[in-house]
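Residues per chain, in single letters:
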Amino acid sequence: MTHLPLSRRGFLGAASALAALAAAGLPVSAQDGGLTIAYNIPVQSWDPTTGPAAVNPVLQSYYLAVFDRYVGQAPDLSFEPGLLTEWGFSDDKKTITMTVREGVKWHNGDDFTPEDIVWSLERAGKPETGNPIQFVWGKFGNYKIDGQTITADVLEFEPTLFKWMAFLTGYVLPKKYYEEVGAEGFEKAPIGTGPYMVDAFEQGAYVRLKAFPDYWGEAPAFDTVTIKFVTDAASRVAEVESGSSDVTVNIPYEDYDRLIAKDGLSGEAIPITDIGMIFLNDIEVMTDKNVRLAAHHAIDKQLIIDRLLRGYGVPLSTLEAPGYAAYDESVTFDYDPDKAVELLAASGYSTDNPVKFTIQTTRGFKPKDYEMIQAIVGMWRKVGIEAEIEVYEIAKHYELRATDTLAPAAFYNWGNSIGDPSTSTGFAMFGPSPHSVWDTPDLIEKIGPLFGEADEEKRIQGYKDVSKYITEEGYVIPLLQYVMPIVHASSVNVVPYTSGDLLPQAMSTS
């Protein structure tokens with residue numbers, strides 16, 4: 001068997017994780033009847049409703065194994081009952097009505113009740129709680145419970161409320177237990193209503209999950225699931241190739257093609273709702289429209305997809321990807337290095353006098369992320385842009401973005417599993433949003449009214465119009481829609497989710 005050589009850093013990271021597993025008496029082999037997954041990001045918090053971790057799309061796979069959302073979502077992104085079985089607005093859009101599922105238990109044996117729903121929604125709507133999506137949850141109040149039915153007043157109309165109930169921070173937490181143990185106690189011993197319970201957790205190394213016998217839905221196929229935190233891509237390749245892990249994700253595409261050709265390994269690679277993009281911050285040279293447009297025109301996206309991603313990817317011109325509600329294929333942005341040179345010259349820049357700025361990126365978090373930025377920096381250099389690469393961890397990106405202190409350019413992958421434009425173009429480009437770093441008044445004025453637009457057709461068209469405007473002004477650089485590579489043992493069936501979620505409860509034995 002051929003093994004991919006590991007970098008020293010990658011090897012040490014994998015070795016420390018394996019040592020922690022062995023010390024805890026946990027299986028380091030995938031041959032024990034359980035399931036072992038090598039995942040690309042560690043759990044940062046066990047409260048899926050507060051702090052930066054709550055809006056990290058990649059962490060949702062952990063949360064969805066342990067907790068349930070108000071509204072569920074199928075692999076194709078269609079909505080389905082979750083802890084709510086029915087939901088909707090009144091005809092006049094002044095109230096909402098929700099029906100709560102019966103017969104559900106919390107992991108500690110307590111009964112799940114409508115009070116848990118109301119408490120979770122009210123908690124999410126309070127600014128002091130620290131829910132990053134408070135500006136959605138806070139638009140509803142005056143909750144009333146009648147049996148399994150909950151009603152509430154619409155304080156400010158939010159057209160995407162029930163979509164958010166199937167998205168980031170849309171989880172129900174246990175009122176009684178949380179109030180007993182507090183935030184610190186919950187972090188140490190989290191409980192949910194999901195298919196798995198947290199059985200063991202070692203910060204930075206692994207989490208072991210155990211099937212919840214009283215789960216209200218279909219019982220998961222595996223009694224135990226060990227998820228190793230393996231941030232280095234080469235180490236994840238070694239994990240699945242050696243058989244130490246049954247499943248891994250987000251590895252280089254050349255390794256994906258090589259591994260799925262081997263006996264005993266299979267793979268899935270489907271377009272997902274994640275897009276690769278470069279945030280531009282309205283600071284320093286990025287206040288110059290010529291610089292922004294030149295930086296975009298100089299990037300050959302298809303060449304990057306073909307050369308670095310082996311064709312796995314779809315080039316984009318806006319932050320709306322195919323399948324999103326406001327995707328408009330008529331909005332395009334050409335690769336045109338000559339135009340880039342012309343634009344830079346108009347602002348006094350050239351290869352002899354290049355414009356200079358920093359671009360930040362992760363390395364190994366997504367397939368070929370760092371290599372893509374290296375290639376882009378090379379393309380920029382040819383037209384008169386000298387960019388310095390700064391590598392950071394994904395957690396640092398969230399910290400800098402939330403405080404509006406990103407570099408003039410920063411690579412990121414944006415997840416939008418509900419496909420709504422408010423949760424892509426809206427939050428990414430609306431200055432007051434904690435997820436945006438572009439703060440110019442023109443965009444605030446154009447996007448702001450769309451958040452509360454009750455006419456759905458007018459709302460979607462409004463986002464199409466603002467997406468076109470953003471492209472013309474060069475306020476962001478969309479790169480591509482990702483194809484997510486999953487490699488797994490042929491003895492394991494994996495159901496890929498278009499959202500990019502990798503759910504252990506959606507895996508079974510062949």
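One can find the structure itself at the top, above this paragraph.
Residues numbered from 1 in each chain as written. Predicted model: local features only at pLDDT ≥ 70, side-chain atom pairs only at ≥ 80, totals over all residues. Heavy atoms only, no water.

## A closer look at the side chain of Asp-47
Part 1 of the reasoning: Residue position: Asp-47 is located in the loop between β1 (35-39) and α2 (60-66).
Part 2 of the reasoning: Judged by relative accessible area, Asp-47 falls into the buried class, the value being 5%. (Helix = DSSP H or I, 4+ residues; strand = E, 2+ residues; numbered from the N terminus. Buried < 20%, exposed > 50% of the residue type's maximum accessible area, 1.4 Å probe, protein only.)

## Regarding the nonpolar core
Part 1 of the reasoning: Among the nonpolar cores identified, the biggest contains 147 residues, and Ile-117, Met-165, Ile-278, Trp-380 and Met-429 are the most heavily contacted of them.
Part 2 of the reasoning: When near neighbours in sequence (up to four residues on either side) are disregarded, Met-429 contacts Leu-319, Ser-436, Trp-438, Leu-443, Ile-447, Ile-470, Tyr-475 and Val-476.
Part 3 of the reasoning: Grouped together as the second largest cluster of nonpolar side chains are seven residues, Val-237, Ile-251, Leu-259 and Val-487 included. (Core = buried A, V, L, I, M, F, W, Y, C linked by side-chain atoms within 4.5 Å. Contact = heavy atoms within 4.5 Å.)

## Describing the pairing of strand β7 (residues 149-154)
Remark: a regular strand shows side chains that alternate across the two faces of the sheet.
Part 1 of the reasoning: The pairing of strand β5 (residues 95-100) with β7 spans five bridges and is antiparallel. From the neighbouring strand, Ile-96 faces β7, where its bridge partner is Ala-152.
Part 2 of the reasoning: Between strand β6 (residues 140-146) and β7, which pair antiparallel and follow one another directly, the connecting turn spans two residues, one of which, Gly-147, has a positive phi of 65 degrees. (Pairing = 2+ DSSP bridges.)

## Considerations on the environment of Gly-313
Part 1 of the reasoning: Here Gly-313 shows up in the loop between α10 (301-308) and β13 (314-315).
Part 2 of the reasoning: Residue classification places Gly-313 among the buried positions, given a relative accessible area of 14%.
Part 3 of the reasoning: Measuring from C-alpha to C-alpha, the distance between Gly-313 and Leu-479 comes to 9.5 Å, with 166 residues separating the pair along the chain.
Part 4 of the reasoning: If we ignore the near neighbours within four places in the chain, the residues touching Gly-313 are Ile-305, Gln-481 and Val-483.

## Comments concerning α10
Part 1 of the reasoning: Of the positions making up α10, those classed as buried are Lys-301, Ile-304, Ile-305 and Leu-308. Looking straight down α10, one finds its buried side chains confined to an arc of 100 degrees; they lie on one side.
Part 2 of the reasoning: If you follow the buried residues of α10, they end up packed against α8 (253-260), α9 (289-297), β13, α12 (369-383) and β17 (476-489).
Part 3 of the reasoning: Positioned one or two residues after α10, Arg-310 has a phi angle of 55 degrees, which is positive. (Arc of directions from axis to C-beta.)

## Quick notes on the sheet that holds β5
Part 1 of the reasoning: Reading across from one edge, β4-β5-β7-β6 is the order of the four strands in this open sheet, with antiparallel pairing throughout. Looking at the sheet topology across the chains shown, the edges are occupied by β4 (84-89) and β6. Taken pair by pair, the neighbouring strands of this sheet meet at an average axis angle of 15 degrees, ignoring direction. (Axes fitted to C-alpha atoms, helices over the stretch in contact; angles between N-to-C directions.)

## A look at empty space enclosed by the protein
Part 1 of the reasoning: Evaluated as defined, the whole model comprises five cavities of 30 Å³ or more.
Part 2 of the reasoning: Put simply, the largest cavity is a space of about 170 Å³.
Part 3 of the reasoning: If you trace the largest cavity, you find 20 residues lining it, with Pro-57, Asp-274, Ser-499, Gly-500 and Asp-501 closest to the centre.
Part 4 of the reasoning: Of all the secondary structure elements, the ones that give two or more residues to the lining of the largest cavity are α2 and β12 (265-280).
Part 5 of the reasoning: The biggest single contributor to the lining of the largest cavity is β12, with three residues. (1 Å grid on protein atoms, 1.4 Å probe; cavity = no way out; pocket = protein on both sides within 12 Å on 5 of 7 lines; lining within 4 Å. Points joined across faces, edges and corners; volume = space filled by probe spheres on them.)

## Observations regarding the layout of surface pockets
The method is simple in principle: a probe with the dimensions of a water molecule rolls over the atoms, and the space it marks as empty is what remains.
Part 1 of the reasoning: Looking at the second largest pocket, its volume works out to about 590 Å³.
Part 2 of the reasoning: If you trace the second largest pocket, you find 28 residues lining it, with Gln-73, Glu-80, Tyr-215, Tyr-497 and Gln-505 closest to the centre.
Part 3 of the reasoning: At the level of secondary structure, the elements contributing two or more residues to the lining of the second largest pocket comprise β2 (71-73) and β3 (79-81).

## Regarding helix α16 (residues 456-473)
Because each turn of an α-helix spans 3.6 residues, side chains separated by three or four positions end up pointing in the same direction.
Part 1 of the reasoning: Taking 1.5 Å as the rise per residue, α16 with 18 residues should run 26 Å; its terminal C-alpha atoms sit 26 Å apart, in good agreement.
Part 2 of the reasoning: Of all the positions in α16, only Arg-459, Ile-460, Gly-462, Tyr-463, Val-466, Ser-467, Ile-470, Thr-471 and Glu-473 are classed as buried.
Part 3 of the reasoning: For α16, the elements touching its buried residues are α5 (161-164), α9, α14 (425-429), α15 (441-447) and β17.
Part 4 of the reasoning: At the C-terminal side of α16, Gly-474 shows a positive phi close to 70 degrees. (Expected span 1.5 Å × (residues − 1).)

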